[in-house]
Amino acid sequence: MENQFPITKWVDENGNITGEDYKEMVTEELARTFYQHMIRIRTFDKKGISLQRQGRIGTYAPYEGQEASQVGSALALETEDWMFPSYRDHGAAMTFGHSLRNILLFWNGRNEGCIPPEGKNISPPGIPIATQLPHAVGAAFAEKRKGTKNAAIVYFGDGATSEGDFHEGLNMASVFEAPVVFFNQNNRYAISVPMEKQMKTKTIAQKALAYDIPGIRIDGNDVFAVYFETLKAMDRARAGEGPTLIEAVTWRYGAHTTADDPTKYRDQMESERKREETDPVLRVERLLKNNGWFDEAWAERMQKQAAEEVDAAVAEMESFPPADPADIFDHVFAEPTWQLQQQKQEYFQAKKGVPVWNQQQQ
Ligand SMILES: Cc1ncc(C[n+]2csc(CCOP(=O)(O)OP(=O)(O)O)c2C)c(N)n1
Ligand SMILES: [Mg+2]
């Protein structure tokens, strides 16, 4: 089955274009654009970890290693498309136009973090695994019913494909030919559980067969493959040809989140090797250098600009007051349910030192 789903690669690890057909499309301009975006989101990611370590944000889910998947796919969208990210996809969200300040506010527990900039259809990150898939299908189907050419993209991991919502999402999209692209980042782990322990299949792409939709497998560290293959899938969606499942094979270098220690379940030397051998940013740098397109001063300017932008967003985030725990209860539904009201009351009484089990007597 693996042979039926070969990995598409446009630019290899050494920065060489893999086929004659691709030569015209792999331009200096695109390479520079991708490089700039990947540097930008990597800079943000490093800052996210550092802020968490300093106690300046609550927790953080890093995506370092997955930049090509996130940048390439996000740049394939049109302004009015829909994006449904998971907790690891803020690199894609900021590439699509989300505010860096609000992304940081999200990780600091503030409600503003869920609000996208005016005119951008970006849903709050899906934390319960795979719940965002049916949402994306619904949004896409609504666009189809309205007769627009807008499509949706939804991000999820390898682990998410073991959830019911994954199958419900794909089935619904297939039946209704919803204009949606299922963008899977297969980083081989669901926290500590490796792919081979939670599925028999060797690929994620082959799961598309069950829903009679196209399933393709791409090198998720090759930003050109990601960009052009996502573009094709989005075009298919817009043309009324229905959904596509894309499996972008990639790797996260670091921990699942700042609450995780990956040395407990995998050899981190492998990550270090991948930094040298298959890194998505280095690959574009090598491509630029191989073609005489690399300019040291320009690259330094990109780095500096990214650092300044991220620092400014951090300062803005820190000008907000700390998160209010009441937000957790107040923003679930438009009208709170009695269970939520009760939980909220219990929480604040417990905070005052009144044990929850004594509250009936209060
Ligand atoms: C429904 C549900 N079950 C369990 C969890 C806890 N959890 C958070 S992330 C995660 C692993 C997800 O792995 P994957 O889909 O591969 O995405 P990745 O984190 O690798 O990007 C789990 C089990 C959750 N958030 N939601
Ligand atoms: Mg995973």
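The preceding data block contains the structure.
Residues numbered from 1 in each chain as written. Chains lettered and ligands numbered in written order. Predicted model: local features only at pLDDT ≥ 70, side-chain atom pairs only at ≥ 80, totals over all residues. Heavy atoms only, no water.

Peer 1: Mind showing me how you'd approach the site of ligand 1 here?
Peer 2: Around ligand 1 sit 15 residues, and of these Tyr 87, Arg 88, Gly 159, Ala 160 and Tyr 189 come closest. Taking Ile 129, its main chain carries an N or O atom lying 3.0 Å from a nitrogen atom of ligand 1. Asn 187 has a polar side-chain atom sitting 3.0 Å from an oxygen atom of ligand 1. Each residue belonging to the shell around ligand 1 can be placed in one class, and the counts come to 8 nonpolar, 4 polar and 3 charged. (Near = heavy atom within 4 Å. Polar contact = N/O pair within 3.5 Å; in protein donor to acceptor, adjacent residues only side chain to side chain. Nonpolar A, V, L, I, M, F, W, Y, C, P; charged D, E, K, R; others polar.)

Peer 1: How do you make sense of the layout of surface pockets when you look at a structure like this?
Peer 2: Here the largest pocket is characterised by a volume of approximately 660 Å³. Secondary-structure elements contributing two or more residues to the lining of the largest pocket are α5 (132-146) and α12 (326-330). In the lining of the largest pocket, the residues fall into 11 nonpolar, 8 polar and 3 charged. (1 Å grid on protein atoms, 1.4 Å probe; cavity = no way out; pocket = protein on both sides within 12 Å on 5 of 7 lines; lining within 4 Å. Points joined across faces, edges and corners; volume = space filled by probe spheres on them. Helix = DSSP H or I, 4+ residues; strand = E, 2+ residues; numbered from the N terminus.)

Peer 1: Explain α5 here, please?
Peer 2: Owing to its 3.6 residues per turn, the α-helix aligns residues three or four sequence positions apart on the same side. The end-to-end C-alpha distance of α5 is 21 Å, a good match for the 21 Å that 15 residues give at a rise of 1.5 Å each. Those residues of α5 that sit buried are Gln 132, Leu 133, Ala 136, Val 137, Ala 139, Ala 140 and Glu 143. Angularly, the buried residues of α5 cover 165 degrees about the axis, an arc narrow enough to put them on a single face. Turned more than 90 degrees away from the buried face of α5, the exposed residues are Arg 145 and Lys 146. Turning to α5, the residues buried within the fold contact β2 (82-84), β4 (152-157), α6 (164-176) and β5 (180-186). (Expected span 1.5 Å × (residues − 1). Buried < 20%, exposed > 50% of the residue type's maximum accessible area, 1.4 Å probe, protein only. Arc of directions from axis to C-beta. Contact = heavy atoms within 4.5 Å.)

Peer 1: Any chance you could explain the pairing of strand β9 (residues 244-249) here in plain terms?
Peer 2: Successive residues of a regular strand alternate their side chains across the two faces of the sheet. With 6 of 6 residues buried, β9 lies mostly within the body of the structure. Neither face of β9 is left uncovered, since the one carrying Thr 244, Ile 246 and Ala 248 and the one carrying Leu 245, Glu 247 and Val 249 both have all their residues buried. Bridge count for β5 against β9 is 6 bridges, and the pairing is parallel. Across the sheet, residue Val 181 finds its bridge partner in β9, namely Thr 244. As paired elements, strand β8 (residues 215-219) and β9 share 5 bridges and run parallel to each other. Opposite Asp 219, over in β9, you have Val 249 as the bridge partner. At this point the chain moves from β8, through helix α8 (residues 223-238), to the parallel β9, and the crossover so formed is right-handed. (Pairing = 2+ DSSP bridges. Right-handed = clockwise from strand over helix to strand, strands pointing away.)

Peer 1: I would appreciate a short explanation of the coordination of the magnesium ion (ligand 2) in the present structure.
Peer 2: A four-donor tetrahedral metal ideally has 109.5 degree angles, and a six-donor octahedral metal ideally has angles of 90 or 180 degrees. The coordination sphere of the magnesium ion (ligand 2) contains the protein donors Asp 158 (OD), Asn 187 (OD1) and Tyr 189 (O), at a distance range of 2.1 to 2.2 Å. Mapping the donors of the magnesium ion (ligand 2) onto the primary sequence yields the spacing D-x28-N-x1-Y. Accessibility expressed as a relative area gives 5% for Asn 187, which makes it buried. (Donors = N, O, S within 2.8 Å, 3.2 Å for Na, K, Ca; no water.)

Peer 1: Even after reading the chapter, I still don't get the environment of Glu 29, so can you show me in this structure?
Peer 2: Within the element layout of this structure, Glu 29 appears in helix α1 (residues 28-53). On the basis of relative accessible area, Glu 29 is assigned to the exposed category, the value being 63%. The spatial distance from the C-alpha of Glu 29 to the C-alpha of Trp 293 is 9.3 Å, given a sequence separation of 264 residues.

Peer 1: Help me out: how do you make sense of the packing of helix α2 (residues 67-74) against α8 in this one?
Peer 2: The description of two helices packed together rests on the angle between their axes and the distance between the axes. At a minimum axis distance of 8 Å, the contact between α2 and α8 shows a crossing angle of 35 degrees. Once α2 is placed against α8, the crossing between them reads as right-handed. For the pair α2 and α8, the contacting residues are Ala 68, Ser 69, Val 71, Gly 72 and Ser 73 in the first and Val 223, Val 226, Tyr 227 and Thr 230 in the second. (Axes fitted to C-alpha atoms, helices over the stretch in contact; angles between N-to-C directions. Left-handed = near helix turned anticlockwise from the far one by under 90°.)

Peer 1: Sorry, what's going on with the pattern of salt bridges here?
Peer 2: Side chains carrying opposite charge are able to pair once their charged atoms draw close together. Scanning all chains against the criterion turns up 25 salt bridges. Across the salt bridge formed by Lys 289 and Glu 285, the nearest N and O atoms sit 3.2 Å from each other. Pair noted here: Lys 289 and Glu 285 are both in helix α10 (residues 280-290), with a separation of 4 residues, about one helical turn. Salt bridges sharing partners connect three or more residues here, namely Arg 42, Lys 46, Glu 64, Glu 67, Glu 272, Arg 275 and Asp 279. (Salt bridge = Lys/Arg side-chain N within 4 Å of Asp/Glu carboxyl O.)

Peer 1: Help me out: how do you make sense of the packing of aromatic side chains in this one?
Peer 2: Tallied over the full model, the rule gives 17 aromatic pairs. Here Trp 10 and Phe 228 contribute two aromatic rings whose centre-to-centre distance is 4.5 Å and whose plane-to-plane angle is 10 degrees, an arrangement assigned as stacked. Separated by 218 residues along the polypeptide, Trp 10 in the loop between β1 (7-8) and α1 and Phe 228 in helix α8 bring together distant segments of the chain. Each of the two residues, Trp 10 as well as Phe 228, counts as buried. Ring centres of Phe 106 and Trp 107 lie 5.1 Å apart, and the angle between their planes is 85 degrees; this geometry places the pair in the edge-to-face category. Phe 106 sits in the buried class, given a relative accessible area of 19%. One aromatic cluster is present, formed by Trp 10, Tyr 22, Phe 34, Phe 224, Tyr 227 and Phe 228 through successive ring pairs. When the ring centre of Phe 96 is taken as origin, the NZ or CZ atom of Lys 120, which lies over that ring, is 4.2 Å away. Between the NZ or CZ atom of Lys 289 and the centre of the ring of Phe 294, over which it lies, the distance is 4.7 Å. (Phe/Tyr/Trp six-rings, centres within 6.5 Å; stacked < 30°, edge-to-face > 60°. Lys NZ or Arg CZ within 6 Å of the ring centre and 35° of its normal.)

Peer 1: How should the sheet that holds β2 be read in this particular structure?
Peer 2: Sheet strands line up and pair through hydrogen bonds in the backbone, either parallel or antiparallel. An order of β1-β8-β9-β5-β4-β2-β3 is seen for the 7 strands of this open sheet, with the pairing classed as parallel. A single partner strand is all that each edge strand has here, and the edge strands are β1 and β3 (121-122). Strand direction decides the pairing type here: β2 and β4, joined by 3 bridges, are parallel. Following the sheet pairing, Phe 84 is matched in β4 by Val 154. Packed onto the sheet, α5 meets β2, β4 and β5 and runs at close to 170 degrees relative to β4. The strands touched by α6 within the sheet are β4, β5 and β9, with β5 carrying the most contacts at an inclination of about 150 degrees.

Everything listed is a geometric property; what it means functionally is a separate question.
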